[in-house]
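Each chain is listed here by its residues.
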Amino acid sequence: MKFIKKLNIGLVLAIIAILAVIIYSVNIENERKASKQEIKKSCEEFISITDKYYTLPENYQTIGEKSQDVDLTNYYTEMENELKTKTINDSATKLQKTILTEYLKNQLVDTSKITVSFKREITKISEYKFDGNQVTVTFNSKVTIKQKHKDINIEDNTSKEKVNETTFDTEGDTITLEQKDGAWKIVYADLQFNNINALYNM
């Protein structure tokens, strides 16, 4: 009789433990589902900042002039301050800033084409992969780049400034975020910036 009583108590405790785990798991899943819209918004806000700083300041968007020695200190500081509002820590900020400044420096070396507008739009999110307080978002996007160049007329040796627009779709872009003080902050990103290369594939 005592054995059966102990068995029943053990069974009840086991059932309670299982129910507790199930309830906890359901609560966690519900919290994650509720967070998805906020996570997407954080991704879009970060992308908006990177879009902005793919382009040089307007007064340096001069075709055909090498401008490696121009002083963009204030522009880089502005960039860093904006990135800090979205990244998880100084290390993440530094990484994103380095990638963006290298992209700009390349434009200063070769000014035959100047990027005047860059826009990335998330078209489909294929996965939110949660791991503790981090999540990696995998998505497809549409990228539109406008670049200006000089169109030379060989017959009369004249040139006219033109703007070309290139649009392409990407698959498998990823952004990893971490929740800090109730907000989702960027840890790392791997974004395709043309139809060949990945910008953050490091």
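Bear in mind the structure is a predicted one, so any value in this text is a computation, not a measurement.

**Q** Got a minute to help me understand the overall build of the chain in this structure?
**A** Along its length, the chain carries three helices and four strands. In sequence order, the chain lays out its α and β elements as α-α-α-β-β-β-β. Every one of the 202 residues in the chain was classed for burial, and the buried ones make up 34%. Sequence separation of at least 24 residues holds for 62% of the intrachain contacts in the chain that already meet a minimum separation of 6. Just so you have it, the chain exposes about 12800 Å², and 50% of that area is on carbon and sulfur atoms.

**Q** Just to check I follow, could you spell out unusual backbone geometry for this structure?
**A** Generally, phi is negative for residues other than glycine and the peptide bonds are trans, each holding for most cases. If you check the backbone angles, aspartate 181 has positive phi at about 55° while not being a glycine. Position of aspartate 181 relative to the elements: it lies in the loop between β3 (158-180) and β4 (183-190). Residue aspartate 181 is classed as exposed on the basis of its relative accessible area, which comes to 77%.

**Q** Looking at this structure, how should I read the pattern of salt bridges?
**A** Pairs can form between side chains of opposite charge whenever their charged atoms are close. Inspection of the entire model under this criterion finds nine salt bridges. The shortest N-O distance in the salt bridge between lysine 97 and glutamate 80 comes to 3.0 Å. Pair noted here: lysine 97 is in helix α3 (residues 90-109) and glutamate 80 is in helix α2 (residues 73-84), with a separation of 17 residues, a long-range link. The exposure class assigned to glutamate 80 is partly exposed, which follows from its relative accessible area of 24%. Two residues, glutamate 161 and lysine 148, come together in a salt bridge whose shortest N-O distance is 3.9 Å. Remark: lysine 148 occurs in strand β2 (residues 134-153) and glutamate 161 occurs in strand β3; sequence separation between them is 13 residues.

**Q** How do you make sense of α2 when you look at a structure like this?
**A** Structurally, the α-helix is built with 3.6 residues per turn, so residues lying three or four positions apart point the same way. Here α2 spans 16 Å end to end across 12 residues, near enough to the 16 Å set by a 1.5 Å rise per residue. Inspection of α2 places Tyr75, Tyr76, Met79 and Leu83 among the buried residues, and these make up the whole buried set. End-on, the buried residues of α2 take up no more than an arc of 95°, which puts them together on one face.

**Q** What am I meant to see in the packing of aromatic side chains here?
**A** A ring pair, where both rings are aromatic, is described by two values, the distance of the centres and the angle of the planes. Scanning all chains against the criterion turns up three aromatic pairs. Considering the side-chain rings of tyrosine 54 and tyrosine 103, the 5.2 Å spacing of their centres and the 55° angle between planes classify their relative orientation as tilted. One end of the pair, tyrosine 54, is in the loop between α1 (2-52) and α2; the other, tyrosine 103, is in helix α3, with 49 residues separating them in the sequence. Of the two residues, tyrosine 54 and tyrosine 103, neither departs from the other in class, the shared state being buried. Every member of this aromatic cluster is reached through a ring pair, and the members are Tyr54, Tyr103 and Phe118.

**Q** I would appreciate a short explanation of the environment of methionine 79 in the present structure.
**A** Along the chain, methionine 79 falls in helix α2. For methionine 79, a relative accessible area of 0% translates into the label buried. The spacing of methionine 79 and threonine 50 is 29 residues in sequence and 8.8 Å in space, taken between C-alpha atoms. Those residues in contact with methionine 79, other than ones at most four positions away along the chain, are Tyr53, Lys97, Leu100, Thr101 and Leu104.

**Q** What should I look at first to understand the nonpolar core in this one?
**A** A general tendency of soluble globular proteins is for nonpolar side chains to be buried together. Residues Ile39, Val135, Val137, Ile175 and Leu177 are the most contacted members of the largest nonpolar core, which totals 34 residues. Setting aside chain neighbours within four positions, we find isoleucine 39 in contact with Tyr128, Phe130, Val135, Val137, Leu177 and Trp184.

**Q** Explain α3 to me, please; I cannot follow it from the model alone.
**A** With 20 residues, α3 should reach 28 Å at 1.5 Å per residue; the first-to-last C-alpha distance of 28 Å fits that figure. Taken together, the buried positions of α3 are occupied by Ala92, Thr93, Gln96, Ile99, Leu100, Thr101, Tyr103, Leu104, Gln107 and Leu108. A side-chain oxygen of the first residue of α3 lies 3.3 Å from the backbone nitrogen of serine 91; this N-cap is asparagine 89.

Rules used in this analysis
- Residues numbered from 1 in each chain as written.
- Predicted model: local features only at pLDDT ≥ 70, side-chain atom pairs only at ≥ 80, totals over all residues.
- Heavy atoms only, no water.
- Helix = DSSP H or I, 4+ residues; strand = E, 2+ residues; numbered from the N terminus.
- Buried < 20%, exposed > 50% of the residue type's maximum accessible area, 1.4 Å probe, protein only.
- Contact = heavy atoms within 4.5 Å.
- Areas by Shrake-Rupley, 256 points an atom, 1.4 Å probe, with all protein chains shown as cover.
- Salt bridge = Lys/Arg side-chain N within 4 Å of Asp/Glu carboxyl O.
- Expected span 1.5 Å × (residues − 1).
- Arc of directions from axis to C-beta.
- Phe/Tyr/Trp six-rings, centres within 6.5 Å; stacked < 30°, edge-to-face > 60°.
- Core = buried A, V, L, I, M, F, W, Y, C linked by side-chain atoms within 4.5 Å.
- Polar contact = N/O pair within 3.5 Å; in protein donor to acceptor, adjacent residues only side chain to side chain.

Bear in mind that shape data such as this cannot, by itself, settle questions of function.
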